[in-house]
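Overview (structure and organization)
Spelled out, the chains give:
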Amino acid sequence: MELIEIKNLVKMYGNFKALDDLTLTVKKGQVYGFLGPNGAGKSTTILSTLGLIRPQKGVVSLFGEEVFRDGKFNEGQLVKAKARIGYMPEHATLWDFLTPLQTLDILGESFGIPKDERLKRARELLEMLNLWEVRDKKIGKFSKGMRQRVLLAQALINDPELLILDEPMTGLDPKGIAEFKDVIREQKKAGKTVFFSSHILAHVEEVCDTVGVIVRGKLRVEDSIDTIKREFLKRAGYLILLETDRPVEFKDVDWEIERVSPTKYKIKAPEDVRAQINEMVWTQGAKILQLMVRVPSLEEIFLKLVE
Amino acid sequence: MLWGLILELKQSVRSKKVIGTLGIMLLLYVPLFYILKRYGDPSSMDVQTIVAHMVDFLSGMSMFFIAILALIIGATAINSEIEKGTLRVALSKPISRLGYIGGKMLAQAAVIFLALLFSTAVAIAGLALIGAPLSGTLVREVFLLNMVLFLGLVQLLFLGYLLSTVIKSSTTALGLALVLFFVISLIAPAIVTVIAMENTSEYLDDAYQEYATKYLFFDPTTQVNLVLKDRTEMRCYEYVEVRDSQTGDVIQRNTTETPSCNDYKHTGGVHESNGAVTSMGCYCNETYAGIAHSVGKNKTNFAILIGMTFVYGLLTIWRFLRMDLR
């Protein structure tokens, strides 16, 4: 079942096309990493989904119900859908003069959750995110990391089926990032769907099963991380470094070969050809002193896609 | 809608802004009581004098301060929430845009209402403290005065809201609100006064009201002053009095109320016959008629005051329902 279905979405800011015919689908149970460089349209996509931004064209459906079509929101359906969503905005603060407990209480009230139940839920969340100790301190005095955790807590107050996180890990220290990843994994374990954006690949790589890459308002790739890696490697090729005890020759191959020194080679091949190299060197009576393969990182794949 | 209102009210209760405003209001009353005490013995003052002082003071100085405050609170209401991101958090919850903005505006208007109730209470307590004679009329008048001020303040608040939906940066909106306030509340009335003076030879007040109604419909401070200006009323009486010419005792006196003495024909006529002196005349008394009377006499200005509040409020809602909240 599709929880988010975006079709041909177009959003213009004046003459700037922020979303250019964007189509995207998030299915139930997925952890979807929404990647793209700064200014690619990630936040615009998320805000459009929640009805906070009004695109000019396209269709947005949440939980199978249409909430937006060609410049018009269906407020009734949108409100219904929002009751099942938890959203954590980017660059946001909460009310400085409220405490985490007060914030969760007030925001929980909007879902119509009874007082004692929402306080119980708030306690669970604050304990899970190590905020219970500071529950009665004003958020205005919190550090960035603590604020991010309160923001995450408020997104989880209604135990949402769909969690939408906009750049949740930006500006966090490694420990904070690890905690966030844990929360995402736990959501996945509980059968929830997570859709989160990031411009940093490392954040997405470990926890996501599906990745969508948006560049200049268009979705370039949408697939599983493994498939994307494999596809890219095919295109970008493997880089193999070889050192032998005496010069060797490579015949009948379409690899790109660069001779760094008489016995050192840089080989670029479309696939992992270490076995073939081994054999060739062996048949020429030479010995391999060093054989290294460098697999491109996701970062490089990402940069290549963005170019 | 209800949740938007509760959210805003809960915030207001806990924010220092509201407490600060109440504190300022409290402080503003101190000089008023001081002036009243210096002016004369408060215990012998009548309602008219006290209310006149309060109107002068409130519609002058404190309206000035609190009005700027209301405009500023409005002018940074929505844009600062967009900047901080709190609006995105609130609107990601199951609430419609209309419910959110409606609740927020209502809640802030309610806070202003409560602030003015507080101001009423402070005024009455202060008057009791300096020994002014408290009466039902005085309490009613102080309350009504604050309620008329409430209408003016809500209009400024909503004008501010409109600004905050049009101008994205809250700091720009803040600066612009101040400039706008000086233009609409100081410069424009001054210009209209000059125009009124140029175009009339007598009764400047009437001419001013005519021009101010036409050209200062956007300035709530002017409209509040016009609505409040006819608190007193001229009551005129024609009388016929017969006195004994020997003793000077009044034998008979007939008094009839008349709209004005301008048409009175027998001014100062005295006749003497059969040992009796008949004198006739017309006199006018200024009596205190109250704020409700003044509102009734200046219905157009009162309607403008309320009408513009609705215009700003509806424009704000219209803008908010359409804008991008980022």
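Residues numbered from 1 in each chain as written. Chains lettered and ligands numbered in written order. Predicted model: local features only at pLDDT ≥ 70, side-chain atom pairs only at ≥ 80, totals over all residues.

Here's the deal with the overall build of chain B
- Looking only at helices and strands, chain B features 12 helices and 4 strands.
- Relative to its length of 326 residues, chain B is extended, with a C-alpha radius of gyration of 26 Å against a globular reference of 20 Å.
- Principal-axis analysis of the C-alpha atoms places the extent of chain B at approximately 95 × 45 × 35 Å.
- Expressed as a percentage of its 326 residues, the buried residues of chain B come to 35%.
- Put simply, of all contacts in chain B between residues at least 6 apart along the chain, 79% involve residues at least 24 apart. (Helix = DSSP H or I, 4+ residues; strand = E, 2+ residues; numbered from the N terminus. Rg over C-alpha atoms; globule rule 2.2 N^0.38 Å. Buried ≥ 20, exposed ≤ 12 C-beta atoms within 10 Å, placed from the backbone. Contact = placed C-beta atoms within 7 Å.)

Regarding the sheet that holds strand S2 (residues 16-27) of chain A
Residues and elements named next belong to chain A.
- Taking strand neighbours across the sheet as the criterion, the 5 strands line up as S2-S1-S4-S5-S6 in an open arrangement whose pairing is antiparallel. The sheet is open, and its two borders are formed by S2 and strand S6 (72-73), each paired with just one other strand.
- Pairing of strand S1 (residues 2-13) with strand S4 (residues 57-62) involves 5 bridges; the strand directions are antiparallel. Each residue of the ladder has a partner; that of isoleucine 4, found in S4, is leucine 62.
- Helix H2 (residues 75-82) rests against S4, strand S5 (65-69) and S6 of the sheet, and its axis sits at about 125° to S5. (Pairing = 2+ DSSP bridges. Axes fitted to C-alpha atoms, helices over the stretch in contact; angles between N-to-C directions.)

Comments concerning the environment of Leu156(A)
All names here are of chain A.
- In this fold, leucine 156 is placed in helix H5 (residues 144-156).
- Along the chain, leucine 156 and aspartate 272 lie 116 residues apart, while their C-alpha atoms are 44 Å from each other.
- Apart from residues lying up to four places away in sequence, leucine 156 is in contact with Gly86 and Leu125.

Brief notes about helix H6 (residues 97-129) of chain B
- Over its 33 residues, H6(B) runs 47 Å from end to end, which matches the ideal 48 Å to within 8%, given 1.5 Å per residue.
- Gly131(B) sits one or two residues past H6(B) and shows a positive phi near 90°. (Expected span 1.5 Å × (residues − 1).)

Some details on the interface of chain A and chain B
- At the junction of the two partners, chain A supplies 25 residues and chain B supplies 23 residues.
- For the side of chain A that touches chain B, the elements supplying multiple residues, two or more each, are H2, strand S7 (85-88) and helix H3 (100-109) of chain A.
- Here the residues of the side of chain A that touches chain B are counted per class, giving 17 nonpolar, 4 polar and 4 charged. (Nonpolar A, V, L, I, M, F, W, Y, C, P; charged D, E, K, R; others polar.)

Re the sheet that holds strand S2 (residues 250-258) of chain B
All names here are of chain B.
- Strand order in the open sheet formed by 4 strands is S2-S1-S4-S3, with antiparallel pairing between adjacent strands. This sheet does not close on itself; its edge strands, each paired only once, are S2 and strand S3 (270-273). Averaged over all adjacent pairs, the angle separating strand axes in this sheet is 25°, with direction ignored.
- In this structure, strand S1 (residues 232-244) lies alongside strand S4 (residues 276-288), joined through 13 bridges in antiparallel fashion. Looking across to S4, one finds that valine 240 is bridged to methionine 280.

So, the domain arrangement of chain B
- The domain architecture assigned to chain B consists of domain 1 (2-230 + 291-322) and domain 2 (233-288).
- One C-alpha centre belongs to domain 1 of chain B, the other to domain 2 of chain B, and the line joining them spans 46 Å. (Domains from an automatic or database assignment.)

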